[in-house]
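# Reading the structure
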Amino acid sequence: MTTWLDKYNPFKSKAKIKAFLFQPYWKETLLFLFFLALALGFWLLQNLRQEYEMEISIPVKYKNIPEEMGSMDEYPQEIKAKVRDRGNVLMNYSWLHFFSPVEINLSDIRKANIIQVPGKTIEASILKQIVSTTTLIEFEPQTMTLEYKALQSKEVDVEADISVLLEPGFRISGSISVIPEKVRLYANGNILDSISIVKTVFSEVKKANQTKQIKLRLQKINGAKMEPDEVTVNVPIEEFTEKRISIAIKCNGIPEPYNLRTFPSSVEIVCNIPLSRFKELVETDFEILIPFQEFEAVQSQGKISLYLTKKPLWVVNPVMIPDMIEFIIEKNNP
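Residues numbered from 1 in each chain as written. Predicted model: local features only at pLDDT ≥ 70, side-chain atom pairs only at ≥ 80, totals over all residues. Heavy atoms only, no water.

### With respect to the nonpolar core
As a reminder of what qualifies: What makes a nonpolar core is a set of buried Ala, Val, Leu, Ile, Met, Phe, Trp, Tyr and Cys residues whose side-chain atoms join them at distances within 4.5 Å. When accessible area is computed with a 1.4 Å probe and restricted to protein chains, residues below 20% of their type maximum are described as buried, those above 50% as exposed, and intermediate ones as partly exposed. Each helix is a run of DSSP H or I of at least 4 residues and each strand a run of E of at least 2, with the numbering of both proceeding from the N terminus. Contacts were defined at the residue level, with two residues in contact if any of their heavy atoms lie within 4.5 Å.
Within the largest apolar cluster, 29 residues are counted, with the highest numbers of intra-cluster contacts made by Ile56, Tyr62 and Leu106. Going through the elements one at a time, strand E1 (51–63), strand E2 (78–86), helix H4 (87–95), strand E3 (102–105), strand E4 (114–117), helix H6 (119–127), strand E5 (135–140) and strand E6 (144–147) are the ones with two or more residues in this core. With five residues, the top contributor of residues to this core is E1. If sequence neighbours within four positions are ignored, isoleucine 56 has contacts with Ile79, Lys80, Ala81, Val83, Tyr93, Phe99 and Ile130.

### Points about unusual backbone geometry
Backbone phi values are negative for most residues with the exception of glycine, while trans is the configuration of most peptide bonds. Following glutamate 140, the chain continues into proline 141 via a peptide bond in cis, with omega recorded as 0°. Mapping proline 141 onto the fold places it in the loop between E5 and E6. In the segment running from isoleucine 179 into proline 180, the intervening peptide bond is cis, with an omega of -5°. Positionally, proline 180 belongs in the loop between strand E10 (177–179) and strand E11 (182–187). Within the chain, lysine 207 stands out as a residue other than glycine whose phi angle is a positive 50°.

### Concerning the sheet that holds strand E23 (residues 324–331)
Selection rule: The rule for pairing is simple: two strands pair if DSSP sees at least two bridges between them. Axis lines are fitted to C-alpha atoms, over the contacting stretch for helices. Their N-to-C directions set the angle, which ranges from 0 to 180 degrees.
The three strands lie next to each other as E18-E23-E21, forming an open sheet whose pairing is antiparallel. Lying at the two open borders of the sheet, with one neighbouring strand each, are strand E18 (258–263) and strand E21 (303–305). Neighbour to neighbour, the strand axes of the sheet diverge by 40° on average, direction disregarded. When E18 meets E23, the two strands line up antiparallel, connected through six bridges. Across the sheet, the residue bridging to tyrosine 258 is lysine 331, located in E23.

### Topic: H4
The α-helix winds at 3.6 residues per turn, so residues separated by three or four positions along the chain end up facing the same way. For the record, the criterion: Of all possible arcs, the one meant is that of the directions from the helix axis to the C-beta atoms.
Buried residues of H4: Gly87, Val89, Leu90 and Tyr93, and no others. Axial view of H4: buried residues confined to an arc of 160°, hence all on one face.

### Observations concerning the sheet that holds E5
If you walk across this open sheet you meet the four strands as E3-E1-E2-E5, and the pairing is mixed. Strand pairing shows two members of the sheet lacking a second neighbour, E3 and E5, which therefore form its edges. Each strand of the sheet is rotated relative to its neighbour by a mean of 25°, with strand direction disregarded. Judged from the nine bridges that link them, E1 and E2 form a sheet pairing that is antiparallel. In the sheet register, glutamate 55 faces E2, and the bridge partner there is lysine 82. In the packing of H4 onto the sheet, the strands contacted are E1 and E2, and the crossing angle to E2 comes to about 150°. Strands in contact with H6 are E1, E2, E3 and E5; relative to E5, the strand with the most contacts, it is inclined by about 130°.

### Quick word on the side chain of threonine 134
The criterion, for reference: Nitrogen and oxygen atoms within 3.5 Å of one another constitute a polar contact, given that in protein one can donate a hydrogen and the other can accept it, and given that sequence-neighbouring residues count only through two side-chain atoms.
Of note, threonine 134 is situated in the loop between H6 and E5. For threonine 134, the side chain forms a polar contact with the side chain of aspartate 85, separated by 2.5 Å. Residues contacting threonine 134, with those up to four places away along its chain left out, are Val83, Arg84, Asp85, Val89 and Tyr93.

### Description of the environment of proline 141
Residue classification places proline 141 among the buried positions, given a relative accessible area of 16%. With 22 residues separating them along the chain, proline 141 and glycine 119 place their C-alpha atoms 8.2 Å apart. The residues touching proline 141, leaving out its near neighbours within four places in the chain, are Pro76, Glu78, Ile79 and Ile122.

From the geometry alone we can't say anything about function, so treat these as descriptive.
So, in structure tokens, the structure goes:
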């Protein structure tokens, strides 16, 4: 009787595999594959000792670029060089070697207007990065001519593209500010005329419960450069609380011999304010001052809607209770 253990016995399986691999025809196959791999290895070594030609690419890096200078995309971004050496050396260039960029300093291009990079300078940069056995056959470009092309510029306002999700009980306690408020934009005249504002890349702040300062890059504009290209966005966030204040209703321009009575004579202001300014807010920070002509215009109704004529900027959504009152205009006897 065959048991579960006999069926799945790993030692029994290994024995079968070993018996299978050591059969005569498998021995011959493994021996053939061994000598084939050995032959391929000798062939590869023999070929790697022979000389070949190969093209390599070396990047070009421009430094100290004047901000008012146009895009560097029109100038060479790499140098193509043809070299000759043994196969093993060229293989190293292809797989393992990273070429450092040829650096071109543009600090004096304003004065010179045109900078020439001679072939000897380019050649010296290439020879520094290849081994002594490698022969440099040719390279392109053999010289580089860089012309100073100044762009027009103007200052434009920066707008923060930001979404702020606040924790319960917290609010934005002021204006979201950007530092600096303006950046200098460099471009040709047509592009400059079409742009009046630049935006930051979009950013989202979640569960905010304190003031945030975020560094954001500016959105790229094709054909234009910005200085700086990064700004700091300040989002003032504070915990808010409710405060109630009672203020009197005032009227100006009451002519003689009239008298105005309002019912009630004062209203309650309910507002949300930053917790840090709770004690700072007083009655004189608010005012309801309505001209007498407005009362006259609705005299037949005997009611008038109220509105605040003075309030602090940092007070959020003030509510008047009530927001409509009754009134009587009386004429005094002479």
